[in-house]
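# Remarks on the overall topology
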Amino acid sequence: MLLFLTFITLFGLCHIIADHYYKTHFCYILKPLTTLTILSFALYLTEFELQNYAFLIIFGLLFSLIGDIFLMLKSDKFMQGLVSFLIAHIFYIVAFLDSAKIDLNLYAIIPIALIGIGYLAVLLPKTGKLKIPVLVYALVLQAMVITADMFYQTALTTNSLMVLIGAIWFMLSDSILA
């Protein structure tokens, strides 16, 4: 397990450094390699016994990999990347709902909604023809975080806490990048 985490961290940090120094060729290798390593780690953790939750997470990670590839290409593949990540988030939402009791936590929804409103207030005026796709994506992203919270509140395990933290970091990183 430590080996996977080490490689994920190493590849991710190397990608950040390569991106900072505009080493595009390294980015083309390191970005998908990081996501592939995360996907491999997920498969390792399931020991290839793909129950419904694991199956949905694996497919979400596959669509995240596709989204990463579209977004890093020089040609304008933003819409394909957005749709890929949208599909990934839908897989994650279904996985979390499959494993959670439907119980909305206002302490989670209010900050998520405020972040989303702030994100959209800044972003939507700059999106031109992409207003509707960006709005749909942002709403699905918020739903993913809310369902990750429901999953955590239902399971109260270290794994479900990691899912929630990952979902929050995803939403915050998307907000910052946008």
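Residues numbered from 1 in each chain as written. Predicted model: local features only at pLDDT ≥ 70, side-chain atom pairs only at ≥ 80, totals over all residues. Heavy atoms only, no water.

A count of helical and extended segments in the protein gives seven helices and zero strands. Reading the protein from its N terminus to its C terminus gives the helix and strand order α-α-α-α-α-α-α. Expressed as lengths along the three principal axes of its C-alpha atoms, the size of the protein is roughly 45 × 45 × 20 Å. Counting only residues that meet the buried cut, the protein has 38% of its 178 residues in that class. (Helix = DSSP H or I, 4+ residues; strand = E, 2+ residues; numbered from the N terminus. Buried < 20%, exposed > 50% of the residue type's maximum accessible area, 1.4 Å probe, protein only.)

Quick look at the nonpolar core now. Counting residues in hydrophobic clusters, the biggest one holds 37 residues, and the most contacted among them are Tyr 92, Phe 96, Tyr 137 and Met 144. At the level of elements, helix 2 (24-46), helix 3 (52-72), helix 4 (78-98), helix 5 (106-123), helix 6 (131-155) and helix 7 (158-177) are the ones that each hand at least two residues to this core. Considering every element that reaches this core, the biggest residue donor is helix 6, with eleven residues. Contacts of Tyr 137, omitting those with residues within four sequence positions, involve Leu 82, Phe 85, Leu 86, His 89, Tyr 119, Phe 170 and Asp 174. (Core = buried A, V, L, I, M, F, W, Y, C linked by side-chain atoms within 4.5 Å. Contact = heavy atoms within 4.5 Å.)

Once their charged atoms are close, side chains differing in charge can pair, the charge on each being opposite to the other. Within the structure shown, the criterion is met by one salt bridge. We note a salt bridge from Asp 68 to Lys 31, for which the minimum N-O separation is 3.8 Å. Residue Asp 68 is located in helix 3, and its partner Lys 31 is located in helix 2; the two are separated by 37 residues in the primary sequence. Take Asp 68: its relative accessible area is 11%, and that puts it in the buried class. Residue Lys 31 is classed as partly exposed on the basis of its relative accessible area, which comes to 27%. (Salt bridge = Lys/Arg side-chain N within 4 Å of Asp/Glu carboxyl O.)

Okay, the confidence of the model for the protein next. Confidence along the protein averages 90 in pLDDT terms, with 98% of residues attaining 70 or more. Within the protein, no element has a lower average pLDDT than helix 5, which sits at 87, and none a higher one than helix 4, at 94. (pLDDT = per-residue confidence, 0-100.)

On to empty space enclosed by the protein. Scanning the entire structure with this criterion turns up one cavity of 30 Å³ or more. Considered as a void within the structure, the largest cavity measures approximately 30 Å³ in volume. Lining of the largest cavity is provided by Gly 116, Tyr 119, Ala 138, Leu 141, Gln 142, Met 171 and Ser 175. Where the lining of the largest cavity is concerned, the elements lending two or more residues are helix 5, helix 6 and helix 7. Of the residues forming the lining of the largest cavity, the biggest block, three residues, is contributed by helix 6. Broken down by class, the residue content of the lining of the largest cavity amounts to four nonpolar, three polar and no charged. (1 Å grid on protein atoms, 1.4 Å probe; cavity = no way out; pocket = protein on both sides within 12 Å on 5 of 7 lines; lining within 4 Å. Points joined across faces, edges and corners; volume = space filled by probe spheres on them. Nonpolar A, V, L, I, M, F, W, Y, C, P; charged D, E, K, R; others polar.)

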